[in-house]
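Listed below, chain by chain, are the residues.
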Amino acid sequence: MLQTLKETVSWLRPQISEETKIGIILGTGLGDLANNITEKKEIPYEDIPHFPVSTVAGHSGKLIVGKLGGKPVLAMQGRFHFYEGYSMKEVTYPVRVMQLLGFKYLFVSNAAGGMNGSFQIGDIMLIDDHINLFPEHPLRGKNHEELGVRFPDMSEAYNRKLKKLAFEIADKNNIKLQSGIYVGTQGPTFETPAEYHYFKIIGGDAVGMSTVPEVIAARHGGLKVLAFSIITDIGILGKIVEVTHEEVQEAAKIAQPKMAFIMEEVIKQL
Ligand code: HPA
């Protein structure tokens, strides 16, 4: 893996300025943040050596290089989900590329179902912490010491200072920002009522099919992480309705300008 990673990185290196320290992964229906990126250059995934290519409708696959909040950034429009059949090494490959490009920060967004009784569709939830319920671990197998330690600490998976900054920005701008625990599961089914209930009992506030693998790889690689869920459906007993991929995308679309605003303001202040 290291050899292919190095080939990917040396292909990308001339196209990404050395000052770029911020990577952004945009979730389902959350690609609009890319419209705020200026001095933009797009690199389709299929052009990048060894890069996986995404397959799901609504997940267009390209890297967007440019500036956001005055800082150079690299955004991924379209991520690789475990449920699509990618291995965990493929799901986390882009994060490893960011790490080897010398990035220091990873910003992540996703769509998620809410189990917390005070959440509403369209709310933004800052991910305070996560519970990893994926059936395979992204760090399983031989550990490459160049990438990180064998047994990485996860006591601050989501960076405390970045979370505080996000809350200050939300407060100052009257944006409702929830906070909670994200449960990562493999999907692709949405949850049964009993499963939503179970995730709530074990301490979850929202559930989704992404983010956790990328965050684990990022922490292994020493990147500081800030992540947001957009609550696109509600899995609370009595409030559960049928969920479709289209509805998730629609709900995400409505909430995303506010999330994009918070992300951009945080980036300005880094
Ligand atoms: N469950 C899992 N993943 C999701 C959901 C959900 O309810 N909503 C959006 N992504």
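First things first, this report covers the structure right here in the doc.

**Things to note about empty space enclosed by the protein**
Consideration 1: Applying the stated criterion across every chain, the model contains 2 cavities of 30 Å³ or more.
Consideration 2: By volume, the largest cavity amounts to about 110 Å³.
Consideration 3: Met1, Lys89, Thr92, Arg96, Pro138, Leu139, Arg140, Lys142, Asn143, His144, Leu147 and His220 are the residues that line the largest cavity.
Consideration 4: Counted by class, the lining of the largest cavity contains 4 nonpolar, 4 polar and 4 charged residues.
Consideration 5: Taken as a whole, the second largest cavity encloses approximately 30 Å³ of empty space.
Consideration 6: The wall of the second largest cavity is formed by Leu12, Phe51, Leu63, Leu74, Met76, Pro94, Val97 and Met98.
Consideration 7: Secondary-structure elements contributing two or more residues to the lining of the second largest cavity are β4 (71-77) and α3 (93-100).
Consideration 8: The element that contributes the greatest number of residues to the lining of the second largest cavity is α3, accounting for 3 residues.

**Section: unusual backbone geometry**
Consideration 1: Residue Pro188 is reached from Gly187 by a cis peptide bond, and omega for that bond is 0 degrees.
Consideration 2: By the secondary structure assignment, Pro188 is in the loop between β7 (177-184) and α5 (193-201).
Consideration 3: A positive phi angle is found at Glu39, which is not glycine, with a value near 50 degrees.
Consideration 4: Looking at the element boundaries, Glu39 is found in strand β2 (residues 38-44).
Consideration 5: Classification of Glu39 as exposed rests on a relative accessible area of 63%.
Consideration 6: In this model, Asn174 sits at a positive phi of 55 degrees, which is unusual for a non-glycine residue.
Consideration 7: The residue Asn174 is located in the loop between α4 (160-172) and β7 in this model.
Consideration 8: A relative accessible area of 73% means that Asn174 is categorised as exposed.

**A closer look at the environment of Ile231**
Consideration 1: As for its placement among the helices and strands, Ile231 is situated in strand β9 (residues 224-234).
Consideration 2: Not counting chain neighbours up to four residues away, the residues in contact with Ile231 comprise Ala112, Gly114, Phe119, Gln120, Ile121, Gly122, Asp123, Met125 and Ala206.

**So, the pairing of strand β3 (residues 62-68)**
Consideration 1: Of all 7 residues in β3, 5 are buried, a share of seventy percent or more.
Consideration 2: Where β2 meets β3, 5 bridges bridge the pair, whose relative direction is antiparallel. Bridged to Glu42 within β3 is Ile64.
Consideration 3: Direction of pairing for β3 relative to β4: antiparallel, over a ladder of 7 bridges.

**Looking at the packing of aromatic side chains**
Consideration 1: Following the criterion strictly, the structure yields 7 aromatic pairs and no others.
Consideration 2: Ring geometry for Phe51 and Phe80: centres 5.9 Å apart, planes at 70 degrees, overall edge-to-face. Here Phe51 is found in the loop between β2 and β3, whereas its partner Phe80 is found in the loop between β4 and α2 (88-91), with 29 residues between them in sequence.
Consideration 3: Given a relative accessible area of 7%, Phe51 falls into the buried group.
Consideration 4: Ring geometry for Phe82 against Phe134: centres 6.2 Å apart, planes inclined by 85 degrees, an arrangement best described as edge-to-face. You can see Phe82 sitting in the loop between β4 and α2 and its partner Phe134 sitting in the loop between β6 (124-132) and α4, a full 52 residues away along the chain.
Consideration 5: Classification of Phe82 by relative accessible area gives buried; the value is 15%.
Consideration 6: Classification of Phe134 as buried rests on a relative accessible area of 8%.
Consideration 7: An aromatic cluster is defined as three or more aromatic residues linked by ring pairs; in this entry it consists of Tyr45, Phe51, Phe80, Tyr86 and Tyr93.

Definitions and cut-offs
Residues numbered from 1 in each chain as written. Predicted model: local features only at pLDDT ≥ 70, side-chain atom pairs only at ≥ 80, totals over all residues. Heavy atoms only, no water. 1 Å grid on protein atoms, 1.4 Å probe; cavity = no way out; pocket = protein on both sides within 12 Å on 5 of 7 lines; lining within 4 Å. Points joined across faces, edges and corners; volume = space filled by probe spheres on them. Nonpolar A, V, L, I, M, F, W, Y, C, P; charged D, E, K, R; others polar. Helix = DSSP H or I, 4+ residues; strand = E, 2+ residues; numbered from the N terminus. Buried < 20%, exposed > 50% of the residue type's maximum accessible area, 1.4 Å probe, protein only. Contact = heavy atoms within 4.5 Å. Pairing = 2+ DSSP bridges. Phe/Tyr/Trp six-rings, centres within 6.5 Å; stacked < 30°, edge-to-face > 60°.

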